[in-house]
Each structure stands twice: as structure tokens, then as C-alpha cells.
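# Breakdown of the fold
As a plain string of letters, each chain reads:
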Amino acid sequence: MTVLCILLLWICGNTVAAAQNLHPLAPPDTSSPRATLNTFLNEMNRAVATFKAGHKDQTVASLERTNRCLNLEKQPSAIRSIIGFYTALYLKETLDRIEIPPSDQIPDAKAVETDKLTIWSLPYTEIAISAVKDEYGGERFLFTPDTVKRSEEFYNKVKNLPYKPGAQGALLAQLASSAGPIIPKGLMDRLPQWSKSEIHGQALWQWMGLLLYFIIGVAAMWFIHRVGCGMLGVLDARLQSSLKRTLGGLILPILLILFAQPGLRFVIYGLHFRDAEVYRVVAVGFLLISYVGTIWLIGAILHRSAAVVIALGRLEPGGMHAQLTRFGFDVVTVVIVAGVAVNLGARLSLPTYSLVAGLGVGGLAVALAGREALSNLIGTVIILLDQPFKLGDFIVVGDGDIGTVTEIGIRSTRIRTRDGILVSIPNSNVVNMKIVNESAPVSEARIHVPFGTAYGSSVQQVDEAVLAACKKCEYVVFDPAPSVRLMRFGDSSIEFELLVWIVQPEFRNRATNQLNRAINEEFRKQGIVMPFPQRDVRIRTDK
């Protein structure tokens with residue numbers, strides 16, 4: 001009997017193979033329920049025969065054609081082929097155990113056209129084949145999404161029934177109980193019996209294999225990341241480069257991608273997970289890890305690309321052009337990440353494209369709810385384009401906030417006051433305020449230091465003493481040179497004013513303090529008197 005079954009499988013497989021060799025590009029015949037059912041059974045029989053014969057490529061080709069008999073549109077595209085593989089196995093095992101009507105009692109293309117048939121169910125079952133419009137306007141008959149979803153349920157209800165004469169199923173039991181290519185058969189046979197007990201449809205050793213994959217994978221990523229960063233650090237020390245800072249941040253996201261991509265193949269081909277729902281959860285987990293690594297890698301590459309553009313363009317790192325370049329790359333990063341997230345949602349059969357379309361309808365409500373955030377974002381763009389100041393500039397915002405610009409963010413501009421306090425001002429306010437940039441157009445600033453001397457002092461001597469005092473101040477710039485002006489003759493003194501340039505405007509108070517001290521010291525050395533206010537009072541007495 002066994003020899004007869006194998007012979008029948010071999011004849012079936014070779015008959016289909018011969019037909020396909022004549023027309024290798026012909027699509028599977030799904031023109032009617034009869035054609036779809038026959039195509040599915042013939043391709044599965046051929047897959048079993050070629051698998052037993054060791055022709056893995058032909059087996060995969062047959063399984064791919066089998067998938068085209070299934071309506072998988074409601075399955076996540078990322079795991080659609082694997083779900084189709086499981087469904088095919090369960091349906092084949094089910095169909096080989098239950099009664100199927102004779103071929104002439106199953107509707108063919110003529111019956112479909114005559115009766116306007118759109119769906120047909122296998123008698124006494126809920127296994128159904130329905131019409132589906134393809135992208136060219138034609139009509140195909142496929143196993144319904146409900147049949148695909150419940151295929152494992154159908155199998156569980158009939159798995160204890162014997163096979164029909166001449167049928168051997170889809171080798172599901174052999175695949176489920178055998179080890180994959182990673183775990184040798186000898187090791188599988190030596191496993192204790194308790195390790196073969198099932199949890200959620202999978203053997204305990206399969207769960208342990210998955211856990212071991214995660215442990216080894218995480219340990220390998222940690223080791224490679226540490227060794228890689230260490231080697232880059234050694235190269236930096238020898239070459240006086242910045243390879244660790246540039247490339248070190250790319251190692252971990254690449255490792256995450258390399259960890260997740262083989263994980264799916266390991267679960268299905270190495271551990272032979274057979275439960276579709278369990279595989280779905282595991283596959284989604286690996287897919288999320290892969291996409292996290294991808295998004296991380298994209299962000300890291302674009303961030304470094306901005307630094308490369310700034311370096312090649314010889315832009316000042318703290319300048320407005322460099323800031324605008326970084327902002328542009330940040331916008332590109334956000335757009336790409338959003339696109340990747342939408343693609344991930346689509347692959348998981350989430351309504352992401354509908355959500356994006358719905359944003360057009362809800363855009364007004366979002367704009368009203370986030371008008372402050374939107375105003376700040378627009379303010380950021382205006383600041384970057386108008387360039388009223390740049391990082392490191394000493395500015396006066398409105399009538400109060402004075403300090404050095406430390407950051408121009410998406411929401412706010414931060415300045416550090418002379419007291420060392422960090423002040424954050426919303427960009428929507430900044431663009432509507434008066435801005436005094438004391439660092440532009442040149443970084444130096446001129447300060448005015450008033451002082452007075454007693455009447456009778458030599459103006460020439462005063463000038464020399466003040467200019468000598470300027471040389472004692474570390475903040476003074478001598479190009480242009482300091483100058484002393486005689487402003488007026490006051491009530492109690494001759495009033496002068498020192499005009500001097502200093503290195504940066506934020507040192508105004510320090511420079512004024514040093515100059516006043518130096519002038520006082522020079523005047524004392526040279527005997528120049530700085531009088532205090534005085535008034536002569538004469539009292540006249542009338543007799």
C-alpha cells in the first residue's frame with residue numbers, strides 16, 4: 001500500500017511537472033471552483049512528491065503556485081507567504097481526510113458563467129471558494145479569507161480521522177515533529193520526552209530554541225558593538241580621526257537588522273514553528289525589531305550626512321547656515337521615518353494609508369489644537385531663513401531678556417544670561433519682538449565709560465593716563481584704538497568719556513569694571529583729582 005501511494009504521488013507530481021514544462025509561465029488555473037480545487041490539490045501533491053525526492057526548489061515553486069489559490073489579502077503582507085504556506089498544509093491535511101464530491105459535481109467555468117456563481121462551498125463544510133476581481137478586471141476563484149483564517153481550526157477537527165485511500169496529507173506531522181536544518185536529527189532524538197510537550201501548539205524545545213536565539217543574538221550584538229567601538233577608538237588614537245564618533249553609532253542599528261532578518265527564517269526553517277497564530281506574533285516581533293533598526297539607521301546616517309555637508313561646505317559649525325542644514329536634514333529624517341512607519345503599518349495590515357488620507361479631513365482640527373506648536377515651527381523656519389542671529393550671538397530680546405544664543409530649536413530659542421541662567425523663548429514670540437544683535441555685523445562691541453576730573457587738570461595728562469589704563473584691561477581691542485572725548489564742563493568737574501572696543505559684548509560689565517579700576521589707579525599715581533559734587537554757599541547779612 002505504501003509503495004502504491006508513493007507511486008501515485010510520483011505519477012501526479014511528474015504529470016503536473018510535464019504540463020508546467022510545456023508552459024512554464026502559465027499561471028495557476030483558478031477560473032472556477034473546480035479548477036481552483038484541482039490546481040490546489042495537484043500542486044500540493046507535487047510539492048509532497050518533490051519534497052520526498054529531495055528537490056527543494058521544485059517544492060518551493062509548487063507551494064508558491066498553491067498560495068495563488070488562496071485569498072491572502074487580509075493577511076499582513078510581511079508574513080503573507082508564510083501564512084499561505086501554513087494554510088496550504090492545513091487545507092491539504094483536511095481535504096485528504098474528508099469526502100470531496102466527484103469532479104463533475106463541482107462547478108466549472110461553464111457552470112459559473114451560466115449560473116452567475118460567485119461562491120461555492122464544499123458540501124457539509126465551511127470551506128469556501130469565492131470569486132475575486134483581479135487587477136486586470138478578470139475574475140479568479142480563491143479560497144476565501146475566512147477559510148484561510150480557520151484552516152488550522154478545520155485541521156484540528158479532522159486530524160484524528162484516517163487519510164482517504166491514496167492520500168498522505170502534506171507531511172504536516174513530519175514537519176512539526178522533525179528538527180530543522182539548524183538542529184541535527186540525532187540531537188532531536190536524544191532530547192528528553194518532557195522537552196517535546198506542547199505549549200500553544202509548539203514543542204517546548206522549539207520555545208527553548210527561540211529563547212536561545214534571543215540570548216545568543218543579544219550577547220553577540222553586545223560583544224560586536226563593544227569590540228567594534230574599541231577598535232574604532234584605537235584607530236582614532238593612531239590616526240587622530242573621529243571614526244568612533246562617526247561610525248560607532250551605526251553599529252547597533254545594523255546589528256538589530258541583521259538579528260531580526262534571519263530570525264524569521266530561523267523560526268520557520270530552523271525550528272519548524274507550525275502554529276500560524278504563534279508564528280504571526282513572533283514574526284511581528286522580529287519585524288518591529290527590524291524596522292526599529294532601520295529607522296535608527298536612517299536617522300543616524302542623515303544626522304552624520306548633515307555633519308559631512310557642513311564640513312565639505314566649510315560652514316561655521318555654530319553658524320546659521322549650518323543650523324539651516326541640520327534643520328533640513330531633520331525634516332528629511334522625519335519625512336522618511338513617517339514613510340517607513342506607514343509602510344510598516346501597511347505590512348501589518350493596519351489602516352495606515354486610510355489614516356494618512358484621514359489627516360486631510362482632520363487637518364483643520366489638528367491645526368487648531370496645535371496652533372501654538374505650529375506657530376513655533378513656522379517661527380523656527382522664519383528665524384533660520386531671515387537669520388537675525390546665530391548660535392553664539394549676544395542678543396537683546398524685546399525689552400528684557402539679554403544673553404548669548406545657545407540653541408535654536410524647533411519650538412524655542414534658548415539664551416544664557418550673564419547670570420548663567422538659561423532662558424527659553426518660544427520662536428513665535430521671538431519673530432514678533434525687537435531683536436538687538438550686539439554681535440553683528442562684527443563680534444566686537446564698543447562701550448562708553450564716563451568719568452570726570454577737577455578743574456585745572458591737564459587734558460593731555462588725562463588722555464595719557466586713560467589710554468595707559470586701557471592697556472591693563474584684557475578685554476580691550478586696540479584696532480580700532482580707544483579714544484577719549486571731552487564732553488562738557490560740568491558744575492563740579494570736567495566731564496570726559498572713554499570710547500573703547502572690547503572682544504565680545506557679553507564682557508561689557510567685566511570690561512567696564514576693569515577700566516574704572518585701572519583709571520582710578522592711574523589718576524592716583526599721576527595726581528589727577530576726580531572731584532565730588534560741591535557747591536559754594538555765600539551768606540549775605542543785611543544791616
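Before going into details, it helps to say that this report is about the structure given with it. On a predicted model such as this, the values are computed, not experimentally measured, just so you know.

### Observations regarding the overall build of the protein chain
What the protein chain contains, in helices and strands, is 18 helices and 14 strands. Relative to its 543 residues, the protein chain shows a buried fraction of 40%. A separation of at least 24 residues holds for 65% of the contacts in the protein chain among residues at least 6 apart in sequence. For the protein chain, the accessible surface area stands at approximately 31,400 Å², while carbon and sulfur atoms represent 61% of it.

### Considerations on the pattern of salt bridges
Counted by the stated rule, this structure contains 12 salt bridges. In this structure, Glu43 engages Arg65 in a salt bridge whose closest nitrogen and oxygen atoms are separated by 2.9 Å. Of this pair, Glu43 sits in helix α2 (residues 33-52) while Arg65 sits in helix α3 (residues 56-67); the two residues are 22 residues apart in sequence, bridging distant segments of the chain. Each member of the pair, Glu43 together with Arg65, is buried. Linking Glu521 and Lys525 is a salt bridge whose minimum nitrogen-to-oxygen distance equals 3.6 Å. Placement of both Glu521 and Lys525 in helix α18 (residues 508-526) is noted, with a separation of 4 residues, approximately one turn of the helix. The class of Glu521 is partly exposed, set by a relative accessible area of 31%. You can call Lys525 exposed: its relative accessible area is 58%.

### Remarks on the nonpolar core
Grouped together as the largest cluster of nonpolar side chains are 50 residues, with contacts concentrated most on Leu37, Phe40, Leu95, Ile127, Phe143, Tyr279 and Phe286. The residues touching Leu95, leaving out its near neighbours within four places in the chain, are Leu37, Phe40, Leu41, Ile100, Leu122, Ile127 and Lys164. If you look at the next biggest cluster of nonpolar residues, it comprises 24 residues, including Ile447, Ile494, Phe496 and Ala518.

### Focus: the sheet that holds strand β10 (residues 435-437)
Strand order in this open sheet of 5 strands is β9-β8-β7-β6-β10, and the pairing throughout is antiparallel. Of all strands in the sheet, those bounded by a partner on one side alone are β9 (422-426) and β10. When strand polarity is set aside, the average angle formed by the axes of neighbouring strands in this sheet is 40°. Alignment of strand β7 (residues 401-408) against strand β8 (residues 412-416), held across 4 bridges, turns out to be antiparallel. Its bridge partner being in β8, Val405 is matched across the sheet by Ile415.

### Topic: a nonpolar patch on the surface
A surface patch of nonpolar side chains, amounting to about 540 Å² of accessible area, comprises Trp222, Phe223, Ile224, Val227 and Met231. On the secondary structure map, Met231 appears in helix α10 (residues 204-239). Residue Met231 is classed as exposed on the basis of its relative accessible area of 54%.

### Digging into the packing of aromatic side chains
In the structure shown here, the tally under the stated rule is 13 aromatic pairs. Geometrically, the ring pair formed by Phe214 and Phe259 is edge-to-face, given 5.3 Å between the ring centres and 70° between the ring planes. Of this pair, Phe214 sits in helix α10 while Phe259 sits in helix α11 (residues 243-270); the two residues are 45 residues apart in sequence, bridging distant segments of the chain. According to the relative accessible area criterion, Phe214 is partly exposed, its value standing at 30%. Their ring planes at 65° and their centres at 5.8 Å tell us that Phe451 and Phe523 sit as a pair that is edge-to-face. One end of the pair, Phe451, is in strand β11 (residues 445-453); the other, Phe523, is in helix α18, and 72 residues separate them in sequence. You'll find Phe451 and Phe523 in the same group, each marked buried. Three or more aromatic residues joined by ring pairs form one cluster here, namely Tyr213, Phe214, Phe259 and Phe286.

Cut-off values and rules
Residues numbered from 1 in each chain as written. Predicted model: local features only at pLDDT ≥ 70, side-chain atom pairs only at ≥ 80, totals over all residues. Heavy atoms only, no water. Helix = DSSP H or I, 4+ residues; strand = E, 2+ residues; numbered from the N terminus. Buried < 20%, exposed > 50% of the residue type's maximum accessible area, 1.4 Å probe, protein only. Contact = heavy atoms within 4.5 Å. Areas by Shrake-Rupley, 256 points an atom, 1.4 Å probe, with all protein chains shown as cover. Salt bridge = Lys/Arg side-chain N within 4 Å of Asp/Glu carboxyl O. Core = buried A, V, L, I, M, F, W, Y, C linked by side-chain atoms within 4.5 Å. Pairing = 2+ DSSP bridges. Axes fitted to C-alpha atoms, helices over the stretch in contact; angles between N-to-C directions. Patch = residues over 30% accessible without salt bridge, like charges linked within 9 Å, V, L, I, M, F, W, Y side chains within 5 Å. Phe/Tyr/Trp six-rings, centres within 6.5 Å; stacked < 30°, edge-to-face > 60°.

Everything listed is a geometric property; what it means functionally is a separate question.
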